[in-house]
Amino acid sequence: MLKPLHTIQVFEYSSLQYGVEYHNVLFKETHFNALVKLNELHKNKYFTIGYKKIIFKQYVGVIQVDGLTIEILPKIDNDTKSEAVWQNALIEMLQVTKKLKVQKVGNAHVKKQQIHLLDIYFEWFLNEVQLLLHQGLIKQYYKETSNVKALKGKLEFAGHIAKNLVHKERFFTTHQVYDKDHLVHQILGQALYIIAQLSKGNYLYNRCKTVQLDFPEVTSIKANDTTFSKIPKSRKTAPYETALAIARLIILNYAPNVSSGNEKMLALLFDMNSLWEEYILIRLKQAADNDVTIYGQNSTGFWNGISIRPDIVIEKDKGESKETYIIDTKWKNIDYVMPSTHDLRQMFVYNKYWDSKKAMLLYPSNDTKEFESKSFIDFEDQEHGCALGKVSIFKDNKGTLDDEIGTKILSWFGIPAE
């Protein structure tokens, strides 16, 4: 009988203590130990380790270990929206930034059990592999060294003498083979194996086993980052790009035996600061007119080989001249505090180096108050100013993101949308 999977949903900067039940799901010491090992492997960037507890940082996403799925969700301080609302928001942000392609999950499965991010990634991968199977898997040439019954390719004399002293009818050769057992399919096969291991007890398990039955038998490998750099790029492998991208995400974030036991772990985690920055950049580009250019991470030299780069640079073409504006995104609530002196100094420097008249520190907020032009306050030099932009990411209370957020932000700089 398959072991059922359990899910705990938490918000960023919250904590889990082992030995405590969360919504009737026990967070065990084995789970704690596995997360500690994972954190050590990644130089302690994901969590802070407390006494018998894990304190989450700004990383959101999903972790699965030993039958437990931990879904870490974003949240603005003092927000009362439910986990479901923030889960929808995270999924949509990942979709907009092309880190996730959301597939429709059958209603029968939703009724039976909760759907989490890992389900969506796994289902996306299985859909891609099934599409490749339907289109027909490619064959490739590769070199193989083995015993064969007919002389072909290059005879390996040392191996031939060692292996075939008795079997005179065989030849130990290195020769070319043209079939489906090549690196691309071996990587996909490894990803299928991982999904089968981690989806036991889940509605996707049977579907994964069905795909594995249809998939050709290939050599088992243990791919790493270097393996993916060896994938040949050609017209024939172009249809595999999406499946290989998801396989890379799954394989490189899979940590078998990371704890002292036999638990296998998969962690797909995203820095919420980077995700917020990328999300705003894409929404601005979607809203920008032809005479507006949006740059992300545009760097320039600063001092002695050190460069500086604001998150977002906006250039408005005005015929023979242009106006430049700067945005630095911050994923935190600033409703009740002032920005740090460091952040303001940074914006001052950005204005100077990019010849910008207006800079903005952009924060998510629950406050829907209309932004005013007087919100831009000049620095003491009176040449340029800075504003605190607070924008709600939601269109409604269901967790639907506001797809007009880019238009709204551009209007704050006096730029009409497309």
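Look above for the structure.
Residues numbered from 1 in each chain as written. Predicted model: local features only at pLDDT ≥ 70, side-chain atom pairs only at ≥ 80, totals over all residues. Heavy atoms only, no water.

Enquirer: What should I look at first to understand the overall build of the chain in this one?
Expert: The helix and strand inventory of the chain stands at twelve helices and 21 strands. Counting the 418 residues in the chain, one finds 47% classified as buried. For the chain, restricting intrachain contacts to residue pairs at least 6 apart in sequence, the fraction spanning at least 24 positions comes to 65%. Summed over all atoms, the accessible surface of the chain reaches about 22300 Å², with 49% contributed by carbon and sulfur. (Helix = DSSP H or I, 4+ residues; strand = E, 2+ residues; numbered from the N terminus. Buried < 20%, exposed > 50% of the residue type's maximum accessible area, 1.4 Å probe, protein only. Contact = heavy atoms within 4.5 Å. Areas by Shrake-Rupley, 256 points an atom, 1.4 Å probe, with all protein chains shown as cover.)

Enquirer: What should I look at first to understand the sheet that holds strand S20 (residues 377–378) in this one?
Expert: Hydrogen bonds between backbone atoms are what pair the strands of a sheet, whose relative direction is either parallel or antiparallel. Pairing in this open sheet of six strands is mixed, and the strands run S14-S17-S18-S19-S21-S20 from one edge to the other. With partners counted over all chains shown, the strands left at the sheet margins are strand S14 (292–296) and S20, one partner each. Pairing between S20 and strand S21 (residues 385–391): two bridges, direction antiparallel. Bridge pairing in S21 places Ile377 opposite Cys386. (Pairing = 2+ DSSP bridges.)

Enquirer: Which parts of the structure should I look at to understand the pattern of salt bridges?
Expert: Oppositely charged side chains are able to pair whenever their charged atoms sit close together. Within the structure shown, the criterion is met by eleven salt bridges. The closest approach of N and O atoms between Lys330 and Asp343, which form a salt bridge, is 3.4 Å. On the criterion of sequence distance, the pair formed by Lys330 in the loop between strand S18 (321–329) and helix H11 (341–354) and Asp343 in helix H11 is long-range, its members being 13 residues apart. Judged by relative accessible area, Lys330 falls into the buried class, the value being 17%. With relative accessibility at 6%, the residue Asp343 sits in the buried group. Each of Asp328, Lys330 and Asp343 takes part in one network of salt bridges that share partners. (Salt bridge = Lys/Arg side-chain N within 4 Å of Asp/Glu carboxyl O.)

Enquirer: Sorry if this is basic, but what is going on with the layout of surface pockets here?
Expert: Space inside the largest pocket adds up to approximately 580 Å³. Surrounding the largest pocket, 23 residues form its lining, Gly189, Gln190, Tyr193, Ser220 and Ile221 being those nearest its centre. Those elements that place two or more of their residues in the lining of the largest pocket are helix H6 (183–198), helix H7 (204–214) and strand S12 (254–256). The element best represented in the lining of the largest pocket is H6, accounting for eight residues. A per-class count over the lining of the largest pocket returns eleven nonpolar, eight polar and four charged. (1 Å grid on protein atoms, 1.4 Å probe; cavity = no way out; pocket = protein on both sides within 12 Å on 5 of 7 lines; lining within 4 Å. Points joined across faces, edges and corners; volume = space filled by probe spheres on them. Nonpolar A, V, L, I, M, F, W, Y, C, P; charged D, E, K, R; others polar.)

Enquirer: How should the side chain of Ser365 be read in this particular structure?
Expert: If you trace the backbone, Ser365 turns up in the loop between strand S19 (358–364) and S20. Judged by relative accessible area, which is 2%, Ser365 ranks as buried. In contact with Ser365, other than residues within four places in its own chain, are Ile76, Asp335, Lys390, Val391 and Ser392.

Enquirer: How should the sheet that holds strand S5 (residues 47–50) be read in this particular structure?
Expert: Taken together, the three strands give an open sheet; going across it, the order is S2-S6-S5, and neighbouring strands pair in antiparallel fashion. The open sheet terminates on both sides in strands that have one partner only, identified here as strand S2 (15–17) and S5. The average undirected angle you get between the axes of adjacent strands in this sheet is 20 degrees. Across four bridges, the pairing between S5 and strand S6 (residues 53–56) is antiparallel. Paired with Phe47 across the strands is Phe56, a residue of S6. Sitting on the sheet, helix H1 (residues 29–41) touches S5 and S6, and the angle it makes with S5 is about 130 degrees. (Axes fitted to C-alpha atoms, helices over the stretch in contact; angles between N-to-C directions.)

Enquirer: Whenever I open this one, the packing of aromatic side chains confuses me. Can you help?
Expert: The relation between two aromatic rings is expressed through the spacing of the ring centres and the mutual angle of the planes. Under the counting rule described, the total for this entry stands at 14 aromatic pairs. Note on Trp86 and Phe394: the rings are 5.0 Å apart at their centroids and 75 degrees apart in plane angle, and the pair reads as edge-to-face. Here the residue Trp86 occupies a position in helix H2 (residues 83–96), and Phe394 occupies one in the loop between S21 and helix H12 (405–412), the gap between them amounting to 308 residues. Residue Trp86 shares its accessibility class with Phe394, and that shared class is buried. Ring plane angle 85 degrees and centroid distance 5.2 Å describe the contact between Phe348 and Phe379, whose orientation is recorded as edge-to-face. A residue pair is termed long-range when its members are at least 10 positions apart, and Phe348 in helix H11 and Phe379 in the loop between S20 and S21 qualify at 31 residues. For Phe348, a relative accessible area of 27% translates into the label partly exposed. Relative accessible area serves as the criterion here: at 15%, Phe379 is assigned to the buried category. Here the aromatic residues Trp86, Trp276, Tyr279, Trp331 and Phe394 are joined through ring pairs into a cluster of three or more. (Phe/Tyr/Trp six-rings, centres within 6.5 Å; stacked < 30°, edge-to-face > 60°.)

Enquirer: Sorry if this is basic, but what is going on with the packing of H6 against H7 here?
Expert: The geometry of H6 relative to H7 is characterised by a closest axis approach of 9 Å and an angle of 155 degrees between their N-to-C directions. Of the possible angle classes, the one that applies to H6 and H7 is roughly antiparallel. H6 and H7 meet at a crossing whose hand is left-handed. In this structure, H6 contributes Leu192, Tyr193, Ile195 and Ala196 to the contact, and H7 contributes Tyr205, Cys208, Lys209, Val211 and Gln212. By residue class, the composition of the contact of H6 with H7 is seven nonpolar, one polar and one charged. (Parallel < 35°, antiparallel > 145°, perpendicular 65-115°, else oblique. Left-handed = near helix turned anticlockwise from the far one by under 90°.)

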